[in-house]
Amino acid sequence: MQFKNKIITGFSKLTQDEKIDAILKYTKAENTQVFKDFRASDNHFQDTFNNFSENTISNFHLPYGIAPNFLINGKQYMVPMVIEESSVVAAAASAAKFWFSQGGFFTRVDAMIKSGQVYFTYTGNRNKLLEAFPDIEEHLCNQTHALTENMRKRGGGIKDISLNEVHLKDHSVWKLNVSFLTGDSMGANFINSCLEKMASSLLEIPQLLDSFKDEELTVIMAILSNYVPECIVE
């Protein structure tokens, strides 16, 4: 789609058909009927799809294939694969069939700890921050208690919180390193929700501890880490 160098305003407030009309108006697109052709005939079903994202005008379909004969830890599976590349499904099915006669695949979970960080700056007394950390840790755990309730029922939750100083070229920042157990779930949304809550709760510390001042502490970011050396599957 090629635009005519004009800002489009209010696009998100349009209906799906009005959005398509806007595409025709602002671009050189010609065949927009295909957008309507790929919508679900069931309006309730289509509404569900529309709520998945923003500015939806249609659906994007991919083939749903099956790779059979996966024998994993002595149990047989048929693996669903949503992909447009036929050779990938064929290769997976072929490999599964070959290894089935050899005993299949064997897996073992060696560790399940995932982590995330909250980075912040602190311009006050370094020792004061370190001494107050047990109280800060307790406050952060209390503030995330509701978020971790269901995960704790499944044997997961926050495992550990540590505080580290990160020395940069001309200054230092501080890092809360938080370890999580998320059970069988990937846990990305859970971890990010906890970290974001910790970030906002960290800003409450100056009001809770008299020795801190508001301007001394500023949150930089809260983020799930993709570096998980303690989350290992063999």
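Residues numbered from 1 in each chain as written. Predicted model: local features only at pLDDT ≥ 70, side-chain atom pairs only at ≥ 80, totals over all residues. Heavy atoms only, no water.

**Focus: the nonpolar core**
Stage number 1. Ranked by size, the top nonpolar core spans 26 residues in total, and within it Phe120, Leu129, Ile136, Leu176 and Leu202 carry the most contacts.
Stage number 2. Among the secondary structure elements, those contributing two or more residues to this core are β3 (109-122), α5 (126-143), β4 (157-167), β5 (172-181) and α7 (188-202).
Stage number 3. When residues no more than four places from it in sequence are discounted, the contact partners of Leu129 are Phe120, Tyr122, Ile136, Leu163, Trp174 and Phe212.
Stage number 4. If you look at the next biggest cluster of nonpolar residues, it comprises six residues, including Phe70, Met81, Val89 and Ala96. (Core = buried A, V, L, I, M, F, W, Y, C linked by side-chain atoms within 4.5 Å. Buried < 20%, exposed > 50% of the residue type's maximum accessible area, 1.4 Å probe, protein only. Helix = DSSP H or I, 4+ residues; strand = E, 2+ residues; numbered from the N terminus. Contact = heavy atoms within 4.5 Å.)

**A closer look at unusual backbone geometry**
Across the chain, the bulk of peptide bonds are trans and the bulk of non-glycine residues have phi less than zero.
Stage number 1. In this structure, Asn55 takes a positive phi of about 60° despite not being glycine.
Stage number 2. Considering the arrangement of structural elements, one finds Asn55 in the loop between α3 (43-50) and β1 (64-72).
Stage number 3. Exposure remark for Asn55: the relative accessible area of 33% places this residue in the partly exposed category.
Stage number 4. For Asn73, which is not glycine, the phi torsion reads 50° and is therefore positive.
Stage number 5. Locating Asn73 in the fold gives a position in the loop between β1 and β2 (75-82).
Stage number 6. Residue Asn73 is classed as partly exposed on the basis of its relative accessible area, which comes to 42%.

**Focus on the packing of helix α6 (residues 145-153) against α7**
Stage number 1. Orientation of α6 relative to α7, taken along the N-to-C sense of each, is 150°, at an axis distance of 10 Å. Our classification of the angle between α6 and α7 gives roughly antiparallel. Where α6 crosses over α7, the handedness of that crossing is left-handed. Of the residues in α7, those in contact with Leu147, Thr148 and Met151 of α6 are Phe190, Ser193, Cys194 and Lys197.
Stage number 2. Classifying every residue of the contact of α6 with α7 by side-chain character gives four nonpolar, two polar and one charged. (Axes fitted to C-alpha atoms, helices over the stretch in contact; angles between N-to-C directions. Parallel < 35°, antiparallel > 145°, perpendicular 65-115°, else oblique. Left-handed = near helix turned anticlockwise from the far one by under 90°. Nonpolar A, V, L, I, M, F, W, Y, C, P; charged D, E, K, R; others polar.)

**Structural notes on the environment of Val79**
Stage number 1. Note on placement: Val79 falls in strand β2.
Stage number 2. Residue Val79 is classed as partly exposed on the basis of its relative accessible area of 25%.
Stage number 3. Counting along the chain gives 64 residues from Val79 to Thr15, while the straight-line C-alpha distance between them is 38 Å.

**Some details on the packing of aromatic side chains**
Stage number 1. In the structure shown here, the tally under the stated rule is six aromatic pairs.
Stage number 2. With a centroid separation of 5.1 Å and an interplanar angle of 85°, the aromatic rings of Phe98 and Trp99 are classed as edge-to-face.
Stage number 3. Look at Trp99 and you get partly exposed, because its relative accessible area is 40%.
Stage number 4. For the ring pair Tyr122 and Phe212, a centre distance of 5.7 Å and an interplane angle of 45° mean the geometry is tilted. Residue Tyr122 is located in strand β3, and its partner Phe212 is located in the loop between α8 (205-208) and β6 (217-224); the two are separated by 90 residues in the primary sequence.
Stage number 5. The positively charged end of Lys19 is found above the aromatic ring belonging to Phe11, 5.9 Å away from the centroid.
Stage number 6. Between the NZ or CZ atom of Lys128 and the centre of the ring of Phe212, over which it lies, the distance is 5.3 Å. (Phe/Tyr/Trp six-rings, centres within 6.5 Å; stacked < 30°, edge-to-face > 60°. Lys NZ or Arg CZ within 6 Å of the ring centre and 35° of its normal.)

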